[in-house]
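Structural features, examined
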Amino acid sequence: MATAQTQLPAESGITLQTRVLSFPEVLAQSVANMAPSAAMALLPLFVFLDAGNGAWLSFGLSLVVLLVVAYCASIFATRINSAGSFYVWVTRALGPGAGSAAGWGLVLGYLFTGVACVLGFEIYGDNFLVGFGLSPGNHVVRAILYVAGGVLPGIMAVSDIKISQRVAFILESCSVTIILVLCVAVFVHNGGVLDHAQLSLKGGGAGGIVVGMVLAIFAFVGFESAGSLGQEARDPAKSVPRAIMWSCGIVGVFYLVVVYAQVYGFGASFGKASAPLPQLAGVVGLGWLGHFIAIGITCSMFACSLACLTAGSRMLLSFGRDGLLPRVFTHTSRHTKAPSVAIWAVAIPMTVIPVAYIAAGSSDAVLSSVEGTLATYGFMLAYALVALAAPIYLHKLSESKALAWILGLLGAVTMLFVFYVNWIPTAIPNDVFPALTGTYKALPYVFIVWTAVGLVWYFVIKFTKPEVVRSAATWGDAVDPAAAAEEASR
C-alpha cells in the first residue's frame, strides 16, 4: 500500500534524526537484538535435553511461529512508522489500554534482555581473559566487565545512531561468521551433512519436541525491534517491515544450521557438554577456534545490549511524548538527537541489577538464564497483542484478509500456549509439562506484577488526564491515508 510521508509536528518535542539509516543498519537492529551467536552458546543444549535428535525440528517450528508474528508486525510497519512500534500499532487496533500493555511488555523485555547480556558479556569476557592466563573469577576484572557491558553501550547509543547500528552490524556479522566456520568444520570432519539420527528423529518424542519448541522461541525474541527505528530509517515503509521479516527468517535458518551441526558433532554426548561451541571446536580438531568463538559471543552480548538500549529508549520516549510517562523521557541530545534520558533510564538499571545480584552472592550463569526468561514473558505479551491486532486493524481500514485473520489468531494462540507451558504446569500440576522449579517458579508472577503495575498506571492516567489517553499513539512519520483519516476523526 502506498504511504504518505509526514513530518512530526514541532510541538511533539521529538527531535530524533530522520531518514538516516540504510536497510542494513535497520536490519542490524533486529539481528543484534536477537543476539544469534549468544543464543547458540547454550540454548541448543537445553533444547536437546528435551527434544533429543528432534532439536532442529523444535527450532524449525519456532521459526514458523515467529514468522507468523513477524508477518502481523509487518502489516503495521508498512502503514505506520513510529518510534513507538508495538505501542502505537496495537493502540490503533485495540485501543490505548492494549497498546500500553504491549509497550510496557516490550520495556520489560528490552530491560531484562539487556541485564542478561551484561551478565553474558562478563561470563564470556572473563572466560576469554582466562585463556590468556588471567586467574578465573578475579573480582576486579569481573566488576570492570559488568560496568563495561552496560555503560559502554549506553555511551555508544547516545553518541550517534548511525555509528551504533554499524558497530552492532559488524560485531554480529563477525561472530556469526566464526560460528558458521565451525559448522562447516563439523560437516567436513563427519564426512558429509546427512545425519540420519536427526533426520529420522531417532529417540525424539513429540512431547519433548514441543517443550523444546517453547525453549527455542526464546532465541528469536528481539526480531521486532527494527520497528523502533520508524522515524530514523530511510524509506521506513519498506525497510522496517523487510528488516522484521528478514531478521526472523535469516537468523532462523542460521539457528537450524548451528543446532543441527552441534548435535551432529557431539552425537549422544551433547547432553554432557558444558560449553558446547568451544568444546565442539576441540572435537573437530580446531581447539584454537574456541578463543575466537568466545570473542564472538562476547561481541554478540555487547551488540545485543546496544540494541536493547536503542529499542527500549524509543519506547520510553514514545510513552513520554504521549504523557504516559514524565515529559523528561522525550529529551534528546542537542548534537546527536538521541533520546539520552531514556537511554540512561534503561542503561543504569541494566548495569546495576546484575552488579547488585552478584554482590549478594548469585551465580552469573544462572542469573543470566533467569533474567532472559523473565524478559521473554514481556515479549510474549507484546507478540500476542500485535498478532491479534493486525487483522482487526486491516478490518478497520476495510482491507480484511483471510490470511491475516488466520495467521493473527494462530500467532496469538501460540503465544498464549507458550505462557501456559511456562506457568500453568506450576500452578496446576499435570503429567504432560514439567513444573518450573526454584527461581523460575516465581518468574510468571513477577511478570504479572509488572503488567499489573503498568495497567494501574495507565488507568490512573486515563481517569486523571483523559485527554492524554484520547490522543495516545497518534504520531508517526509515515502513515497510510486511511490511518491519517482515522486520526483526524479522533
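To continue, consider the overall build of the chain. Each helix and strand counted, the chain has 19 helices and 3 strands in total. The C-alpha atoms of the chain give 22 Å as radius of gyration, which agrees with the globular expectation for 490 residues (23 Å, within 12%). Counting only C-alpha atoms and orienting by the principal axes, one finds that the chain spans roughly 65 × 50 × 40 Å. Each of the 490 residues in the chain was classed as buried or not, and the buried ones make up 59%. A separation threshold of at least 6 residues defines the contact pool for the chain, and within that pool the share at least 24 residues apart is 82%. Summing over all exposed atoms, the chain offers an accessible surface of approximately 18,400 Å²; the carbon and sulfur share of this is 71%. In the chain, 23 positive and 21 negative side-chain charges are present, and the distance between their average locations comes to 6 Å.

Below, the discussion takes up unusual backbone geometry. Positive phi outside glycine occurs at Ala35, with the angle close to 50°. Relative to the helices and strands, Ala35 is located in the loop between α1 (23-34) and α2 (36-51). Overall, the relative accessible area of 5% leaves Ala35 in the buried class.

Another point: a nonpolar patch on the surface. Judged by side-chain polarity, Leu180, Val253 and Val257 come together as a nonpolar surface patch covering roughly 200 Å² of accessible area. For Val257, a relative accessible area of 31% corresponds to the partly exposed category.

Tallied over the full model, the rule gives 5 salt bridges. Arg79 is the salt-bridge partner of Glu399, the closest N and O atoms lying 2.9 Å from each other. Of this pair, Glu399 sits in the loop between α14 (364-396) and α15 (402-421) while Arg79 sits in the loop between α3 (55-77) and β2 (80-81), and the two are 320 residues apart along the sequence. Arg314 serves as the salt-bridge partner of Glu232, at 2.9 Å between the closest nitrogen and oxygen. Here Glu232 is found in the loop between α9 (206-217) and α10 (236-266), whereas its partner Arg314 is found in helix α12 (residues 289-322), with 82 residues between them in sequence.

Let us look at the environment of Pro44. Here Pro44 lies in helix α2. The class for Pro44 is buried, based on a relative accessible area of 1%. Linking Pro44 and Ser58, residues 14 residues apart in sequence, is a C-alpha distance of 9.8 Å. When neighbours within four sequence positions are excluded, Pro44 is seen to be in contact with Ala39, Phe59, Val259, Gln262 and Phe270.

One pass over the full model with this rule turns up 26 aromatic pairs. The interplanar angle of 50° and the centroid separation of 6.1 Å between the aromatic rings of Phe121 and Phe302 together place this pair among those described as tilted. Highlighted residues: Phe121 in helix α5 (residues 96-130) and Phe302 in helix α12, separated in sequence by 181 residues. On the basis of an interplanar angle of 85° and a centroid distance of 6.1 Å, the ring pair of Trp288 and Phe292 is categorised as edge-to-face. What makes Trp288 exposed here is its relative accessible area of 53%. What makes Phe292 partly exposed here is its relative accessible area of 40%. Here a set of aromatic residues connected by ring pairs shows up, and it is made of Phe76, Phe86, Trp89, Tyr110, Phe223, Phe379, Tyr383 and Tyr393. The ring of Phe23 is capped by Arg242, whose NZ or CZ atom sits 5.5 Å from the centre of that ring.

As a further point, take the packing of α5 against helix α17 (residues 443-464). Look at α5 against α17: their axes get within 10 Å of each other, and the N-to-C directions meet at 135°. Considered as vectors, α5 and α17 are oriented oblique to each other. Our pair here, α5 against α17, has a crossing hand that is right-handed. Side by side, α5 and α17 meet where Pro96, Gly97, Ser100, Ala101, Trp104, Val107 and Leu108 of the first sit next to Phe447, Trp450, Thr451, Gly454, Leu455 and Tyr458 of the second. Residues belonging to the contact of α5 with α17 are distributed by class as follows: 9 nonpolar, 4 polar and no charged.

Okay, the environment of Phe59 next. Inspection of the secondary structure assignment puts Phe59 in helix α3. Accessibility expressed as a relative area gives 0% for Phe59, which makes it buried. With 147 residues separating them in the primary sequence, Phe59 and Ala206 have C-alpha atoms 14 Å apart. Ignoring any residue separated from it by four or fewer positions in sequence, one finds Phe59 in contact with Met40, Leu43, Pro44, Val47, Ala216, Ala219, Phe220, Tyr255, Leu256 and Val259.

The next point concerns the confidence of the model for the chain. Scored by pLDDT, the chain comes out at a mean of 86, with 90% of its residues at no less than 70. Here residues 1-13 is modelled with pLDDT under 50, and outside its nearest four sequence neighbours on either side it reaches 29 contacts, counting other chains as well. Scored below 50 in pLDDT, residues 477-482 makes 28 contacts in the model with residues more than four places away or belonging to other chains.

The next thing to look at is the nonpolar core. Phe59, Trp89 and Tyr255 are the most contacted members of the largest nonpolar core, which totals 162 residues. Here this core takes 17 residues from α14, the largest share from any one element.

Moving on, we get to the environment of Ala35. The spacing of Ala35 and Ala102 is 67 residues in sequence and 22 Å in space, taken between C-alpha atoms. Setting aside its immediate chain neighbours within four residues, Ala35 contacts Glu172, Ser300 and Cys304.

Relative to the 33 Å expected for 23 residues at 1.5 Å per residue, α3 spans 32 Å between its end C-alpha atoms, a close match to the ideal helical length. Burial within α3 is extensive, with 18 of its 23 residues counted as buried.

The subject of this paragraph is the side chain of Ser300. Topologically, Ser300 is positioned in helix α12. Discounting chain neighbours no more than four positions away, the residues touching Ser300 are Ala35, Pro36, Ser37, Ala38, Glu172 and Ser175.

Moving on: the state of the cysteines. What the rule picks out here adds up to 0 disulfides. With no disulfide of its own, Cys183 lies closest to Cys174 among cysteine sulfurs, the gap being 16 Å. As a non-bridged cysteine, Cys308 has Cys304 as the owner of its nearest cysteine sulfur, 4.2 Å distant.

Rules used in this analysis
- Residues numbered from 1 in each chain as written.
- Predicted model: local features only at pLDDT ≥ 70, side-chain atom pairs only at ≥ 80, totals over all residues.
- Heavy atoms only, no water.
- Helix = DSSP H or I, 4+ residues; strand = E, 2+ residues; numbered from the N terminus.
- Rg over C-alpha atoms; globule rule 2.2 N^0.38 Å.
- Buried < 20%, exposed > 50% of the residue type's maximum accessible area, 1.4 Å probe, protein only.
- Contact = heavy atoms within 4.5 Å.
- Areas by Shrake-Rupley, 256 points an atom, 1.4 Å probe, with all protein chains shown as cover.
- Lys, Arg positive; Asp, Glu negative; His and termini not counted.
- Charge placed at Lys NZ, Arg CZ, Asp CG, Glu CD.
- Patch = residues over 30% accessible without salt bridge, like charges linked within 9 Å, V, L, I, M, F, W, Y side chains within 5 Å.
- Salt bridge = Lys/Arg side-chain N within 4 Å of Asp/Glu carboxyl O.
- Phe/Tyr/Trp six-rings, centres within 6.5 Å; stacked < 30°, edge-to-face > 60°.
- Lys NZ or Arg CZ within 6 Å of the ring centre and 35° of its normal.
- Axes fitted to C-alpha atoms, helices over the stretch in contact; angles between N-to-C directions.
- Parallel < 35°, antiparallel > 145°, perpendicular 65-115°, else oblique.
- Left-handed = near helix turned anticlockwise from the far one by under 90°.
- Nonpolar A, V, L, I, M, F, W, Y, C, P; charged D, E, K, R; others polar.
- pLDDT = per-residue confidence, 0-100.
- Core = buried A, V, L, I, M, F, W, Y, C linked by side-chain atoms within 4.5 Å.
- Expected span 1.5 Å × (residues − 1).
- Disulfide = S-S within 2.5 Å.

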